[in-house]
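If you want the building blocks of each chain, they are given just below.
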Amino acid sequence: MLLLAALAVFAMSDPSPDPEMTLSPAGIREFQVGATFESVRSATDWPLSPDTGEAERCEEYRVGDDIGLYFMVEDGRLTRVTVTDPGWFTTEGIEVGDSGDAVRAAYGDKVVRQVAPYADAPAHDLLVWTGQEVGYRFELDADGRVAAIHAGSRSIEYIEGCL
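Throughout, a residue's number is its position along its own chain's written sequence, starting from 1. Whole-chain, interface and lining totals are the exception, using all residues; otherwise, since this is a predicted model, local features are given only for residues with pLDDT of at least 70 and side-chain atom pairs are given and counted only at 80 or more. Neither water nor hydrogens contribute to the side-chain values; these are computed over all heavy atoms in the structure.

(A) Representation of the pattern of salt bridges in the model. Salt bridges are counted wherever a side-chain nitrogen of Lys or Arg sits within 4 Å of a carboxyl oxygen of Asp or Glu. Tallied over the entire structure, the rule returns 8 salt bridges. Between Arg80 and Glu60 there is a salt bridge, with its nearest N and O atoms 2.8 Å apart. Note that Arg80 is positioned in strand β7 (residues 77–83) and Glu60 in strand β5 (residues 58–63), a separation of 20 residues in sequence. Each residue is placed in one exposure class: buried if its accessible area under a 1.4 Å probe, protein chains only, is under 20% of its type's maximum, exposed if it is over 50%, and partly exposed if it falls in between. On the basis of relative accessible area, Arg80 is assigned to the buried category, the value being 3%. Here Glu60 falls in the partly exposed class, since its relative accessible area comes to 26%. Note on conventions: DSSP H or I runs of at least 4 residues are helices, E runs of at least 2 residues are strands, and numbering of each starts at the N terminus.

And the structure:
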């Protein structure tokens, strides 16, 4: 609840992204690429679901309830963070709901357009590698708006959760 209240206050105040809500290619806050599942789990009091015990293999977790934040763990280490709700921003200020043109303007020639695997054109994905084996994948809907942002390692390219 506190996080949702913070989001509401944030939305009505300063237009620059809050560092606590900023998603870098390497993750967000305690959810950093390469962190162990146990360190992530102990660093947050948010509920994680599912709690299947599959973190040593591969699992995707929803963080909290209805905040649009997910992370993927492979071999016991965090590899990807996904946001699906507005209010979470990339370091360049892109959030869910922004246009594909805004993504292209923010990342320039680093943007690679890809076919959306399960949606008909004009929906598509925009892939941005920022270096050091990390980057973003922006899922754009049929209206050309960002529907989800994945940040992290090569796992940002996974379509159906873990391989």
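Read on, since the account is not over.
(B) Representation of the side chain of His150. The topology assignment puts His150 in strand β12 (residues 146–152). Among the polar contacts made by the side chain of His150, one reaches the side chain of Thr82 at a distance of 2.7 Å. We call two residues in contact when some of their heavy atoms are within 4.5 Å. Aside from chain neighbours lying at most four places away, what touches His150 is Arg80, Val81, Thr82, Gly135, Tyr136, Arg137, Glu139 and Ile156. Side-chain atoms alone can form a polar contact between residues adjacent in sequence; in general such a contact is a pair of N or O atoms within 3.5 Å, and within protein one must be able to donate a hydrogen while the other accepts it.

(C) Focus on the nonpolar core. Note on terminology: a nonpolar core comprises buried Ala, Val, Leu, Ile, Met, Phe, Trp, Tyr and Cys residues joined through side-chain atoms within 4.5 Å. In this structure, Phe31, Leu69, Phe71 and Phe138 are the most contacted members of the largest nonpolar core, which totals 32 residues. Looking at this core, the elements that each hand over two or more residues are α2 (37–43), β5, β6 (69–74), β7, α3 (100–107), β10 (124–131), β11 (134–140) and β12. Apart from residues no more than four positions distant in its own chain, Phe31 is found in contact with Ala26, Val40, Thr44, Trp46, Val63, Leu69, Phe71, Leu78 and Val81.

(D) Geometry of the pairing of β10. When DSSP finds two or more bridges between a pair of strands, those strands are recorded as paired. The pairing of strand β9 (residues 111–115) with β10 spans 5 bridges and is classified as antiparallel. Considered in β10, the bridge of Val115 is made with His124. Relative to β11, β10 runs antiparallel, the two sharing 7 bridges. Bridging across to β11, His124 finds its partner in Leu140. What sits between the antiparallel neighbours β10 and β11 is a turn of 2 residues, in which Gln132 has the positive phi angle 50°.

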